[in-house]
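Structural overview for review
These are the residues of each chain, in order.
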Amino acid sequence: MKTITKPLALTAAITLSLAASAWAAPTATTDGADAFTVLSLEQAPKWLDAADVAAQLQAMNVDALTIGNVHREADTSGTSRVPDPLEALADQLGYTYRFVSADPASAERRGSIVISRLPVEAESGIEAPGMNYLRLNDGRHVVALYTHTAAADGARFKQLIEASRVGAPAVLLGANDAAVAGFDAKDEVARSNGFQSATSTPVTLRIDADSPAIAGKLLTLGYAAPAGGDTPWMDTTLNADARARLIVAKMTDDEKFQMLHSYFGLGKDGGPLPEGAVGSAGFVPGVARLGIPSQQSADAGVGVTNPGGIRKGDHATAMPSGPSTASSWNPEVAFAGGATMGREAWQQRFNILLAGSVNLQRDPRNGRNFEYAGEDPLLAGRLVGESIRGVQSQHVVSTMKHFALNDMETSRNFHSAEIGEQAMRESDLLAFEIALDIGKPGSVMCSYNRINGTYGCEHDYLMNQVLKQEWKFPGFVMSDWGGVHSGSKAALAGLDQQSAGEVFDKAVYFDQPLRLAVAGGVVPRSRLDDMVVRILRAMFANGNFDVPPQHQPIDDAAGFAAAQRTVEEGSVLLRNADNLLPLGPEVKRIVIIGGHADKGVIGGGGSSMVGWTAKGTNAVPGVLPTTWPGPVIFHPSSPLEALRAERPDASIEYVDGRNVAAAARAAAAADVAIVFATQWSAESVDLPHMKLPDNQDALIAGVAKANPKTVVVLETNGPVELPWLQQVPAVLQAWYPGIRGGEGIAALLTGKVNPSGRLPVTWPVDASQLPRPEVNGLGFKPKHKPDDTIDYDIEGANVGYKWFAAKGLTPQFAFGHGLSYTQFSYENLSATAMGQRLVATVDIRNTGKVAGADVAQLYLKMPEGSATPIRLIGFQKVTLQPGESRRIRIEAEPKTLASFDTADKQWKIAEGRYELQLSRSANEPLQRIPFVLGDTVVH
């Protein structure tokens, strides 16, 4: 039994010593002007007395602390080291902590440390290894703080600065020269305009009574005088909050109410578009006299939509579905996908993208699972958060949706999701909380459904108490299209903007009804101003004013690359008996059967459908339904043609599969038969069952009987029943693979790319293993009317693999499952915990003959008697060459170690005996460490 202790003096003294309001007060220069302060230390401490260090930092009133050239040695199984003492200090203070490294996955950490006491508006991350950008907000000003390691690419670092600064006063730490345009290098720190003065003072920081002090420099940068003039809100040295308050103070009531409801951007009842709308989901006119741009919103679950081709000439990248991104278990893939959608939105004149879908998969029959990111709050929250961050890196506001518990489409406008507070906080809301923390979306979209009897867009607990007060969300809440049922009630509950009410709701509640409520004092004027400030604040923070969108041709090649990478990393090899895959050179005769694989790959239906791409529109028109939520679309990316391009030496034929006997005869004459099976799903309707439609199970069984070397490629919304599984040696789950689906699938089948996807959902054998085997109202023509409520208390927080573990069920395939064309071994697992931080390190080796990537999954087995038996607490994807070994580092998400205390409204780690499991999937632990955790409150 491994007992984890707390070696540092992290006591209540920290909280007490830093409780003074002085921490929030801006530093003043000698002439009384506001200033930004940075303490740069010469070395990093190996330990510290937290209370003593905190008191010194308080006295200096430091905004940011930085240390360069830091080396943290790797833990081993025999020499577990304490976590970074500065990280633990930052946790206790509620500060932002970043370790900037060119190799973030490595257990041996080399780089620099940045700690900020100021709130972070935006930041860089996994897409920029060795580089760091934090946009800091001191309550009035905003500062762009940059640092980089010696290993960082200079040209890419310059690009990061140019793309992210957006006119803010900027500080570049650790700069060796002034090569970055617009910076003045002094005192080893480069700074931009926006500062009028700078002083550097030598300081020493006492670490503890027995250790020598650490030398450093305190840099004080005085802000330049406010720009003033007729439009002070265009002063980019001010933060988004200050700019929004300045502009709202100049607005008339009519202009304010204009901000509070959007119009349907496609026009009402087939009529003309609203004046100024470019043609999409939502449009809010700007205010020309104040320089407020219009709000142009586009649907974008899997790419920028162009409904009916209304915007002539516009097209976009049809990205793979949400489960494909989630199956990559790679935050970098998620960020790149979001950045692709954000960039293409900006180039098509949109400044708001209705992206960021983070609802958990509680049922594989949910018709909208293809927009979401699986069943686990950590995986879904982290990857969707990175996608949101990617969107907003392109100066486009992203939403986070659908808040909350919109986990089934059946009767979605009316049903009530019933669930207890603790279970809700530890499942769906935890996913939203993690996504919010990572992505910092400008807007949150409330959901159609009711939650415990109250509509999502009237839910005071969710929107006011949790989102805005507890999570401190500074942006605005918009409704889903048709999700508003009141004016004053919704506004007082936290809704800030009604979406397209003139088309989708019974009334435009946020116009005349809300005007009357404000005039009568039912809704305070302060609330009216708050609503408008939140909307404009999100627009300022994301560059809508300073970097307005421009109509430009999109970069098709970049979009294709992002889409194909997602397919290749997100497709999951479920089964590969006798190593049938990859297709070797000895395979000369191949027959492809079914799924319209000669034309393209299927996509999901509803508002997120990307119908217009660089390769054209629907490759298989006429498949029913052809009206909402259709049409059924096949993106023009033919697996047949792609496989022929990869294997020009082979004879590859296609059979449509409509006749099982004919397909079996073709299969019998081939070396390998590949059956493509599809399942269409869509927004607004759930699937009636977990079976493949259109007699495809019989087709697969017939082909497999005729040829024992049969491969099945599944293009589905999610898990389906596989009655033929034992007769089929190889199965590849490709989800909805988007505009480069054919090329990605061909690369995986031939071994050009090694599969590395891992399931983001548990794959049940059939519906009998679900918490609700029977649900009334599923499908287009249900036998029974939908129920008024959905009881999520049945499983509570035990969604997916946690349900299977709690009930002792064996799934078809476990959460996290996925095969590779190589093999990996794990050794020497080590873990250390201090306070709310748990860090594990482990050696991973590629023991096979080809390069590949594996996902190291870290689970926590909870103490005996816990309601939730096991939790995913961290993961790391690693690519290795044959024979290569690395020691990697996995840091646990603190809230996954804890339970939510509904009385105290706090996350608490309970003292007890736990087991850490390093696993290949949720039910396949490879290494275990038993240890004890102490009582800790997670901040």
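Now for a quick tour of the structure. Owing to the predicted nature of the structure, the values given are computational and were not obtained by experimental measurement. (Residues numbered from 1 in each chain as written. Predicted model: local features only at pLDDT ≥ 70, side-chain atom pairs only at ≥ 80, totals over all residues. Heavy atoms only, no water.)

1. Things to note about the state of the cysteines
Cut-off, in case you're wondering: Here, the term disulfide refers to a pair of cysteine sulfur atoms separated by no more than 2.5 Å. Comment: elements are numbered from the N terminus, with helices defined as DSSP H or I runs of at least four residues and strands as E runs of at least two.
The full count for this structure, using the stated rule, is 1 disulfide. The residue that forms a disulfide with C446 is C457, at a sulfur-sulfur distance of 2.1 Å. Between C446 and C457 the disulfide shows an S-S torsion of about 100 degrees. By sign, it is right-handed. You can see C446 sitting in strand 21 (residues 443-446) and its partner C457 sitting in the loop between strand 23 (454-455) and helix 12 (460-470), a full 11 residues away along the chain.

2. Points about the nonpolar core
Operational definition: Here, nonpolar core refers to any group of buried Ala, Val, Leu, Ile, Met, Phe, Trp, Tyr and Cys residues whose side-chain atoms link them within 4.5 Å. In this scheme, a residue with accessible area under 20% of its type's maximum is buried, one over 50% is exposed, and one in between is partly exposed, where area comes from a 1.4 Å probe on protein chains only. Contact criterion: two residues are considered in contact whenever any of their non-hydrogen atoms come within 4.5 Å of each other.
Within the largest apolar cluster, 82 residues are counted, with the highest numbers of intra-cluster contacts made by L514 and L536. Residue contributions to this core peak at 9 residues, all from helix 16 (residues 525-541). What L514 contacts, discounting residues up to four positions off in sequence, is F257, L260, G487, S488, A491, Y509, V523 and M531. A833, L838, A856 and F900 belong to the second-largest nonpolar core, a separate cluster that totals 47 residues.

3. Quick look at the pattern of salt bridges
In plain terms, the rule: Any carboxyl oxygen of Asp or Glu within 4 Å of a side-chain nitrogen of Lys or Arg constitutes a salt bridge here.
Considering all chains together, one arrives at 60 salt bridges under this definition. The shortest N-O distance in the salt bridge between R886 and D103 comes to 2.7 Å. One end of the pair, R886, is in strand 38 (residues 885-891); the other, D103, is in the loop between strand 5 (96-101) and strand 6 (109-116), with 783 residues separating them in the sequence. R537 is the partner of D241 in a salt bridge, and the nearest nitrogen-oxygen pair spans 3.2 Å. In this pair, D241 sits in helix 5 (residues 240-248) while R537 sits in helix 16, placing the two residues 296 residues apart along the sequence. Across this residue pair, the class does not change: D241 and R537 are buried. What emerges from the salt-bridge pattern is a single network uniting E87, D91, R837, R889 and E891.

4. Some thoughts on the sheet that holds strand 38
To summarise the sheet geometry, strands pair through backbone hydrogen bonds and adopt either a parallel or an antiparallel arrangement. Which entries qualify depends on this criterion: In short, DSSP must find at least two bridges between two strands for them to pair. Angles run from 0 to 180 degrees between N-to-C directions of axes, and those axes are lines fitted to C-alpha atoms, restricted for helices to the stretch in contact.
The sheet built from 3 strands is open, its strands ordered 34-35-38 with antiparallel pairing. Each edge of the sheet is formed by a strand with only one pairing partner; in this case those strands are strand 34 (824-834) and strand 38. Between one strand and the next, the sheet's axes are offset by a mean angle of 20 degrees, whatever the strand orientation. For strand 35 (residues 837-846) and strand 38, the ladder comprises 7 bridges, and the chain directions are antiparallel. If you follow T841 over to strand 38, its bridge partner there is R889.

5. Some thoughts on helix 11 (residues 428-439)
Short version of the rule: In a helix, the anticipated span is given by 1.5 Å times the number of residues less one.
For helix 11, which comprises 12 residues, the first-to-last C-alpha distance of 16 Å matches the rise-based estimate of 16 Å (1.5 Å per residue) to within 8%. With respect to burial, helix 11 is a largely interior element, 11 of its 12 residues being buried. All of the buried residues along helix 11 are D428, L429, L430, A431, F432, E433, I434, A435, L436, I438 and G439. Taken together, the buried residues of helix 11 touch helix 9 (377-392), strand 19 (397-403), helix 10 (421-425), helix 12 and strand 40 (906-909). A positive phi of about 50 degrees marks K440, the residue just after helix 11.

6. A look at the environment of G751
Counting through the fold element by element, G751 comes out in the loop between helix 21 (741-750) and strand 33 (789-791). Residue G751 is classed as partly exposed on the basis of its relative accessible area of 34%. Sequence-wise, G751 and A701 are 50 residues apart; in three dimensions their C-alpha atoms are separated by 25 Å. Those residues in contact with G751 that lie beyond four places of it in its chain are P582 and Y821.

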